[in-house]
Amino acid sequence: MSNPRSSTAERAARNEAAPRLSFASAVSLVSGREIMSRVRSKSFIISTVILLVAVLASIVVSGIVSRTAGDSTTPVAAVGETAAIIGQLDGYEVTEVATVAEAEALLEQGEVDAAVAPLPSPTDGAATLEVIGFDSTPTGLIQALAIVPDVRLLEPAPAESAFAFLVALGFGILFLMAASTFGGTIAQSVVEEKQTRIVEILLSAVSARALLAGKVLGNSVLALGQIVAIAVLAALGLMVIGQDVLLSDLGPSVLWFLVFFAVGFVLLASMYAAAASLVSRMEDTGAVLAPLIYLVMVPYFLVIFFYDNAVVLTTMSYVPFSAPVGMPMRVFLGEAQWWEPLVSLVILAVSTMLVVALGARIYQNSLLRTGGRVKLKEALAG
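Let me begin by describing the structure that accompanies this report. Note that this is a predicted model, so its numbers are computed, not measured.

Thoughts on the overall build of the protein
Thought 1: In terms of regular secondary structure, the protein is built from 15 helices and 4 strands.
Thought 2: Restricting the contact set of the protein to residue pairs at least 6 apart, pairs at least 24 apart contribute 69%.
Thought 3: Summed over its atoms, the accessible surface of the protein is roughly 21,100 Å², and 64% of this surface lies on carbon and sulfur atoms.

What follows is the structure, given as structure tokens:
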């Protein structure tokens, strides 16, 4: 009859003797687990589909609305020879009448929005124009009839201000949304594994560095994949509404945004994992993640409020945490020299390697510590 104690000891000895996975195999295993757990989540699938549909719908609807607004015409009654003048204006449908009384009658009946009639000048007898409205001044028609001088710019802006703001808003929202969502997912996963003590089982098969690398890699793939899907749908939306010119203008900056985000998210993800490893309860994550949340929000607000400020954008381009937003924006505006994105990317890559090494040390030294919050100094000391 076998002894239960001896069989238990034999199993423990076999587990201790079992070799660990190689670093590459462990990273691949952990990253695949992170990706599959998220992809199988209904909340993730539903939120992603809603996001993609909202992006595509907003572009198509805005294109339809702008096209409809551009095709709309304003009905105007024109007396006598003024019909030829109004006919030269874009966006106005002319109804020619013989007398001012007929024009006023059309106004009262609501057939036209305004009327134009010749008005002799009391000084030299030359005819001028009189614009007639019903209950409000037809400002648009008055501005259309005004004499507009030729305008010449010494240094034309590379993009319209309103469109540049929309581009800055898009880059800022994508960066903030992806970094906060997937960074928070990494932090939640780390704390849950510590709180349930599952991390002790995981560390018996893989090293702490492999566990960290797998988490960062898996969530980086998901975040970048979601942004690529948004970029593809946005490009399709612009093609559907016939804005191929905008697509060609946005293309280089979007490509640089994807490259910078792929590197920058690794930096942020490592910081999220390291910060979360300092605590053992979900209730304590707010305190350790607050600085990172501010760090993600600062580039968003800077690019929104200073999208046309060359000094601020240039500074953002060379700061690792804001470079994924600042440099693509400068590329879109045409302010960056060809070598600047490369230099900024090198700075970001070197900073990412340093932060990943530091974050791995904190993560490795804090992962098995439960109870109260681990101090940063203790985590660095080991």
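Digging into the pairing of strand β2 (residues 92-97)
Within a regular strand, the side chains alternate between the two sheet faces.
Thought 1: Pairing between strand β1 (residues 74-79) and β2: 6 bridges, direction parallel. Along β2, the bridge assignment pairs V76 with V94.
Thought 2: On the question of chirality, the crossover connecting β1 to the parallel β2 by way of helix α4 (residues 82-87) is right-handed.

Re helix α7 (residues 161-195)
Thought 1: For α7, which comprises 35 residues, the first-to-last C-alpha distance of 50 Å matches the rise-based estimate of 51 Å (1.5 Å per residue) to within 8%.
Thought 2: R197 occupies a position one or two residues after α7 and carries a positive phi of about 65°.

Considerations on the packing of aromatic side chains
Thought 1: Scanning the model with the defined rule gives 8 aromatic pairs in all.
Thought 2: Between F257 and F261, the ring centres sit 6.1 Å apart and the planes meet at 25°, which makes this aromatic pair stacked. Here F257 pairs with F261, and both are found in helix α10 (residues 244-276), just 4 residues apart, close to one helical turn.
Thought 3: Under the relative-accessibility criterion, F257 is labelled buried at 2%.

Here we look at the nonpolar core
Thought 1: Counting residues in each nonpolar core, the largest one holds 67 residues, and the members touching the most others are L211, V303, M329, Y363 and L367.
Thought 2: Ranked by residues supplied to this core, first place goes to α7 with 13 residues.
Thought 3: Not counting the four nearest positions on each side in its chain, L211 is found in contact with V30, E193, V199, L202, L203, V206, Y363 and L367.

Some words on the packing of α7 against helix α9 (residues 208-240)
Thought 1: The geometry of α7 relative to α9 is characterised by a closest axis approach of 10 Å and an angle of 150° between their N-to-C directions. In terms of orientation, α7 lies roughly antiparallel with respect to α9. Of the two elements, α7 crosses α9, and the hand of that crossing is right-handed. Packed against α7, whose contacting residues are L174, M177, A178, F182, T185, I186, S189, V190 and E193, the element α9 presents L211, K215, V216, N219, L222, A223, Q226, I227 and I230 at the interface.

Brief notes about the side chain of E340
Thought 1: Inspection of the secondary structure assignment puts E340 in helix α14 (residues 340-366).
Thought 2: Among the residues examined, E340 registers a relative accessible area of 7% and is labelled buried.
Thought 3: The residues contacting E340, other than those within four sequence positions of it, are Y318, M327, R330 and E335.

Here we look at the environment of V263
Thought 1: With respect to the helices, strands and loops of the structure, V263 is situated in helix α10.
Thought 2: It is 7.2 Å that separates the C-alpha atoms of V263 and L348, two residues lying 85 residues apart in sequence.
Thought 3: Excluding its chain neighbours within four sequence positions, the residues that come into contact with V263 are L345, L348, A349 and T352.

Concerning the pattern of salt bridges
Thought 1: Within this structure, the stated rule accounts for 8 salt bridges.
Thought 2: Of the charged contacts, one joins R33 and E34 as a salt bridge, the two residues approaching to 3.7 Å between their closest N and O atoms.
Thought 3: Of the residues examined, R33 reaches a relative accessible area of 41% and is grouped as partly exposed.
Thought 4: The salt bridge partner of E200 is R197, with a shortest N-O separation of 2.6 Å.
Thought 5: What makes R197 partly exposed here is its relative accessible area of 42%.
Thought 6: Several salt bridges converge on common partners, so that one network encompasses R33, E34, E193 and K215.

A short note on the side chain of T82
Thought 1: Position of T82 relative to the elements: it lies in helix α4.
Thought 2: Of note is the side chain of T82, whose polar atom sits 3.3 Å from the backbone oxygen of V116.
Thought 3: Leave out the neighbours within four places in its chain, and T82 touches V116, A117, P118 and L129.

Considerations on unusual backbone geometry
Thought 1: One non-glycine residue, R197, lies in positive phi territory at about 65°.
Thought 2: For R197, the position within the fold is in the loop between α7 and α8 (198-202).

Criteria and thresholds
Residues numbered from 1 in each chain as written. Predicted model: local features only at pLDDT ≥ 70, side-chain atom pairs only at ≥ 80, totals over all residues. Heavy atoms only, no water. Helix = DSSP H or I, 4+ residues; strand = E, 2+ residues; numbered from the N terminus. Contact = heavy atoms within 4.5 Å. Areas by Shrake-Rupley, 256 points an atom, 1.4 Å probe, with all protein chains shown as cover. Pairing = 2+ DSSP bridges. Right-handed = clockwise from strand over helix to strand, strands pointing away. Expected span 1.5 Å × (residues − 1). Phe/Tyr/Trp six-rings, centres within 6.5 Å; stacked < 30°, edge-to-face > 60°. Buried < 20%, exposed > 50% of the residue type's maximum accessible area, 1.4 Å probe, protein only. Core = buried A, V, L, I, M, F, W, Y, C linked by side-chain atoms within 4.5 Å. Axes fitted to C-alpha atoms, helices over the stretch in contact; angles between N-to-C directions. Parallel < 35°, antiparallel > 145°, perpendicular 65-115°, else oblique. Left-handed = near helix turned anticlockwise from the far one by under 90°. Salt bridge = Lys/Arg side-chain N within 4 Å of Asp/Glu carboxyl O. Polar contact = N/O pair within 3.5 Å; in protein donor to acceptor, adjacent residues only side chain to side chain.

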